[in-house]
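One-letter residues, chain by chain:
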Amino acid sequence: THFGFKEVPAADKEKLVGKVFTSVAGKYDLMNDLMSGGVHRLWKRHFVAASGIREGQRVLDLAGGTGDIAQLLMPRLGESGHVIIGDINQAMLEVGQDRMIDAGFFGRFEIQQMNAEALPLEDNSIDAVTMAFGLRNVTDKQQALNEMYRVLKPGGKALVLEFSQVNNSLLKQLYQFYSFKILPEIGHWVTNDRDSYQYLVESIEQHPNQETLQQMFEQAGLEMCGYENLSAGIVAIHTGYKL
Ligand code: SAM
């Protein structure tokens, strides 16, 4: 009902997501700053600061594309920690790799192309999985959560930062107007690609809300699940443990 978007069929979604991120890879960060007024940086910083991730851990940053989260994680992980940046899109991974090397993290991370729905990693091999602004792009989200559970060690933690449901009705109306009417125009202006940003907005609209996503965490076998709303629920951090 909201501004009449239509659902993308699952079969086409993976292709579309590939095209979107290949098209925006180089300008991805600039767009994030413009679209969120820089607030995405604060959300990401809080996500990592509140993660409980510690020195020496082995972390998988899924949909890690540009390396944003990995860069924030490195100081917490110390010399003995390790990050695997996993993303389905090679163009995004290359941006992330360059950034991580420029930031001085050569040798302390690896990049690996992977689909969140079928992780090329062993069972019980990871201390924490992070996924920031990635889950909504995955076709089978439940399968991605099941995979997180599988690769986590017992005691390991899954953390998802994602757009969610705004819990204030006035703010919600403003936000939807901004998303559907203004954001694709900014996208068109900066990247000459209105459709990609139209897709991003629609993927946010279709994403499960807080309660539904928490149930999906539980369905995956994760325990002690909870969430924290940021900016009135524009985004939420979901967490759960493999016990
Ligand atoms: N985590 C980064 C951040 O917060 O800035 C990048 C987020 S970006 C919006 C979403 C990323 O998800 C893209 O790099 C895209 O290639 C990746 N992605 C989409 N579908 C995926 C899948 N099925 N498996 C792994 N990564 C996927």
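Student: Give me the packing of aromatic side chains: which residues, what numbers.
Tutor: In the structure shown here, the tally under the stated rule is three aromatic pairs. Each ring, one from Trp43 and one from Phe163, has its centre 6.3 Å from the other, and the planes form 90°; the classification is edge-to-face. Residue Trp43 is located in helix H3 (residues 39–49), and its partner Phe163 is located in strand S5 (residues 152–163); the two are separated by 120 residues in the primary sequence. On the numbers, 5.0 Å between centres and 45° between planes, the contact of Phe133 with Phe163 is tilted. Of the two residues, Phe133 sits in the loop between strand S4 (126–132) and helix H6 (141–151) while Phe163 sits in strand S5, which places them 30 residues apart along the sequence. You'll find Phe133 and Phe163 in the same group, each marked buried. By way of ring pairs, the aromatic residues Trp43, Phe133 and Phe163 are connected into one cluster.

Student: Would you mind going over a nonpolar patch on the surface in detail, with residue names and values included?
Tutor: A cluster of nonpolar side chains, namely Leu30, Leu34 and Trp189, defines an oily patch on the protein surface of about 360 Å² accessible area. For Leu34, a relative accessible area of 37% gives the class partly exposed.

Student: Can you lay out the pattern of salt bridges for me, pointing to particular residues and giving the numbers?
Tutor: In total, this model carries eight salt bridges according to the counting rule given. Between Glu79 and Arg108 there is a salt bridge, with its nearest N and O atoms 3.8 Å apart. Of this pair, Glu79 sits in the loop between helix H4 (68–77) and strand S2 (82–87) while Arg108 sits in the loop between helix H5 (90–102) and strand S3 (109–113), and the two are 29 residues apart along the sequence. According to the relative accessible area criterion, Glu79 is exposed, its value standing at 65%. Among the residues examined, Arg108 registers a relative accessible area of 16% and is labelled buried. Here Lys153 and Asp127 are joined by a salt bridge, their closest N and O atoms 3.2 Å apart.

Student: Which residues make up the environment of Asn209, and what are the values?
Tutor: Looking at the element boundaries, Asn209 is found in the loop between helix H8 (194–206) and helix H9 (210–219). Not counting residues up to four positions away in its chain, the partners in contact with Asn209 are Ser164 and Gln165. A polar contact of 3.3 Å, which involves the side chain of Asn209, links it to the backbone nitrogen of Glu211.

Student: I'd like a description of the side chain of Lys141, backed by residues and values.
Tutor: Secondary-structure assignment places Lys141 in helix H6. Since its relative accessible area comes to 14%, Lys141 is described here as buried. At 3.5 Å, the side chain of Lys141 forms a polar contact with the backbone oxygen of Val138. When residues no more than four places from it in sequence are discounted, the contact partners of Lys141 are Lys13, Leu135, Arg136, His207, Pro208 and Met216.

Student: Any details on the site of the ligand? Residues and values, ideally.
Tutor: Surveying the vicinity of the ligand reveals 19 residues, the closest of which are Tyr28, Lys44, Ala63, Asp87 and Ala116. Interatomic distance of 2.9 Å between a side-chain N/O atom of Asn115 and a nitrogen atom of the ligand. In the environment of the ligand, a nitrogen atom lies 2.9 Å from a nitrogen or oxygen atom belonging to the backbone of Ala132. Starting from 600 Å² of accessible surface for the ligand in isolation, the protein chains cover 98%. In the shell around the ligand, the residues fall into eleven nonpolar, five polar and three charged.

Student: Lay out the sheet that holds S4 in plain terms, naming residues and giving numbers.
Tutor: The mixed open sheet is built from seven strands, whose spatial order is S3-S2-S1-S4-S5-S7-S6. Because the sheet does not close on itself, it has two edges, and the strands there are S3 and strand S6 (223–230). Between one strand and the next, the sheet's axes are offset by a mean angle of 15°, whatever the strand orientation. Where strand S1 (residues 58–62) and S2 come together, five bridges link them in parallel fashion. Paired with Leu60 across the two strands is Ile84, which belongs to S2. In the packing of H3 onto the sheet, the strands contacted are S4, S5, S6 and strand S7 (235–241), and the crossing angle to S5 comes to about 165°.

Rules and cut-offs
Within every chain, residues take consecutive numbers counted from 1 along the sequence as written. Owing to the predicted nature of the model, reporting of local features is limited to residues with pLDDT of at least 70; listing and counting of side-chain atom pairs is limited to 80 or more, with chain, interface and lining totals taken over all residues. Excluded from the side-chain calculation are hydrogens and water; included are all heavy atoms of the structure. In summary, the pairing rule links any two rings of Phe, Tyr or Trp, Trp by its six-membered ring, whose centres are within 6.5 Å, and it sorts them by plane angle into stacked for under 30 degrees, edge-to-face for over 60 and tilted for everything else. Strands are runs of DSSP state E lasting at least two residues, helices are runs of H or I lasting at least four, and both sets are numbered from the N terminus onward. A 1.4 Å probe rolled over the protein chains alone gives each residue an accessible area, and that area as a share of the maximum for its type sets the label: buried under 20%, exposed over 50%, partly exposed in between. Nonpolar side chains (Val, Leu, Ile, Met, Phe, Trp, Tyr) are joined into patches within 5 Å and like charges within 9 Å, using only residues with over 30% relative accessible area and no salt bridge. Only the protein chains shown count as cover for residues, and the accessible areas themselves come from Shrake-Rupley with a 1.4 Å probe. When a carboxyl oxygen of Asp or Glu is within 4 Å of a side-chain nitrogen of Lys or Arg, the pair counts as a salt bridge. Two residues form a contact once any of their heavy atoms are found within 4.5 Å. Any pair of nitrogen or oxygen atoms within 3.5 Å is treated as a polar contact; in protein, a donor-acceptor pairing is required on top of that, and neighbouring residues in sequence qualify only through side-chain atoms on both sides. One heavy atom within 4 Å of a molecule or strand makes the whole residue count as near it. Amino acids are sorted into nonpolar (Ala, Val, Leu, Ile, Met, Phe, Trp, Tyr, Cys and Pro), charged (Asp, Glu, Lys and Arg) and polar (every other residue, Gly among them). Pairs of strands are assigned from DSSP output, requiring at least two bridges between the strands. Only the stretch in contact is used when a helix axis is fitted, and all axes are lines through C-alpha atoms; the angle between N-to-C directions ranges over 0 to 180 degrees.

This is a description of form; function is not addressed.
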